[in-house]
Amino acid sequence: MKIKSGSNLSKVRKNNYASILGTIYQQGPIMRSEIANQLGITLPTVTTTIKQLLEDGILQEEPLRENSPSLGRKASLVNFAEDSGYAVGIEWSPVGIICCITNLRGKIAGKKKIAFDIKNISYREMLLRTKHCVDELIKETGIDHKKIIGAGWATPGMVESENGVLVCSSVNYVSWHDEPIQKNLSSLLEMPVCIENHVRVRAIGQDMFERKERPDVYLYYFAQMGISCCVMADGEPFGKGRFGTGDIGHTIMEWDGPVCDCGKKGCLQAFIGEEPLLRQIRNLLEMGKAETLYKLCEDPKKPKIVEVAMAIDCGDEDLKDIVFPAVRYMGISIANIVNLLNSELVVVDCALMNSQVLRKYLSEIVLENNLFQEELDLKIEFIQANRYTGARGACAMAIRRWSDSPELSSDR
């Protein structure tokens, strides 16, 4: 969460609130004196703000463990009361609508996926299906609606988060353009809603919920149905409005490569996108090859990427002939971005990379094509990918927006 500054008294109070809450979120449990030192504000200001947050039930006190007894009143730490509030996360994905509810620390309390053919589904119909999905999820979890602080929404494509508008979707066969999604969903769901591009919310979710020490600038590389790369700078996705969606799936890797769904030849997505890969793998299975994968598949006619990853680790040689060249293109694309920005960290979110064998191979390719191998201490971090990282990231965005808005807490 960003630390803000202000000029007039009202702004200063709001900024102090957001800064204190953000520091506790990032570093809690933490002492009041440490918060004051870090932010450069007075201890009484910190104490007064925390007192109100404790009374509201947003924060809780935790004992300070000390090696030796001390005289006087024991100091205590403050931390988020993680179950004091919940956020709804929504993703309009190429396979349907994916939702989840998390507590304030990102623990999933419930999740729901409505899979359907998204082709030619109208914007209005998507809104109605979303409301049904969210209503059912809240009912199933039994969470009091009053404890829900808001919702986050995301989709592949160009999103103007500040204006609350879906400029255009990059999902194939849909025609959603210039839709006031924030206004529409807020009205339908009867709660505050914030919106963002689907890869940017994934990066936000990782940064907030995992709370790892990371460089000021790093890359979040996402490969699923499409391929995108978000640049994280000082805890925020780089770019605003129509700039910074990071779609790199349609960069050309081979002039005479396979035809992509976009109609061009040799796009990165035509090599490493899940659908092109699975088409080739289904052909293998139909020819009686990839026996290891066949045994692992729940339905051999519909192999899943996570099953492919498992089969690779089990030594399926037929699969390697298809998958390894695709991963090589992926590694080259990552190296190209690293060479452009000199980032010291790449976080990779890709279900295929649940395979330890493929993680090792991808790392080798990236490092091999890194122009500054000796000068740049490049690290590659893999997350255990799943279909809910987008919806969970949308929850993180909603929590961040809520924590930056003191007026929202007074309504709860």
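See the structure above.
Remember, predicted model here, so these are calculated numbers, not experimental data. (Residues numbered from 1 in each chain as written. Predicted model: local features only at pLDDT ≥ 70, side-chain atom pairs only at ≥ 80, totals over all residues. Heavy atoms only, no water.)

(A) Layout of the sheet that holds strand 10 (residues 177-179). Pairing is antiparallel across the open sheet formed by three strands, whose spatial order is 8-9-10. Strands at the two margins of the open sheet, each flanked by one partner only, are strand 8 (157-160) and strand 10. Taking each pair of neighbouring strands and ignoring which way they run, the sheet shows an average axis angle of 15°. Judged from the two bridges that link them, strand 9 (residues 165-169) and strand 10 form a sheet pairing that is antiparallel. Of the residues in strand 10, the one forming a bridge with Cys-168 is His-177. (Pairing = 2+ DSSP bridges. Helix = DSSP H or I, 4+ residues; strand = E, 2+ residues; numbered from the N terminus. Axes fitted to C-alpha atoms, helices over the stretch in contact; angles between N-to-C directions.)

(B) Up close: the pattern of salt bridges. Overall, the coordinates contain 19 salt bridges when judged by the stated rule. Arg-129 is the salt-bridge partner of Glu-125, the closest N and O atoms lying 2.8 Å from each other. Of this pair, Glu-125 and Arg-129 both sit in helix 4 (residues 123-141), four residues apart, roughly one helical turn. The class of Arg-129 is partly exposed, set by a relative accessible area of 26%. Ionic pairing is found between Glu-196 and Arg-200, a salt bridge with its closest N-O pair at 3.1 Å. Classification of Arg-200 by relative accessible area gives buried; the value is 7%. A network of salt bridges, in which partner residues are shared, links Glu-91, Arg-202 and Asp-349. (Salt bridge = Lys/Arg side-chain N within 4 Å of Asp/Glu carboxyl O. Buried < 20%, exposed > 50% of the residue type's maximum accessible area, 1.4 Å probe, protein only.)

(C) The arrangement of the nonpolar core in detail. If you look at the biggest cluster of nonpolar residues, it comprises 46 residues, and the most contacted ones within it are Tyr-221, Met-330 and Leu-352. Listing elements by their share of this core, those giving two or more residues are strand 12 (217-223), strand 13 (227-233), helix 7 (268-272), helix 8 (274-286), helix 10 (305-313), helix 11 (317-341), strand 15 (345-350) and helix 12 (356-368). With 10 residues, helix 11 is the largest single contributor of residues to this core. Those residues in contact with Met-330 that sit more than four places away from it in its chain are Tyr-221, Ala-223, Leu-268, Ile-272, Val-348, Cys-350, Met-353 and Leu-362. Within the second largest apolar cluster, 35 residues are counted, among which are Ile-20, Ile-24, Ile-50 and Leu-104. (Core = buried A, V, L, I, M, F, W, Y, C linked by side-chain atoms within 4.5 Å. Contact = heavy atoms within 4.5 Å.)

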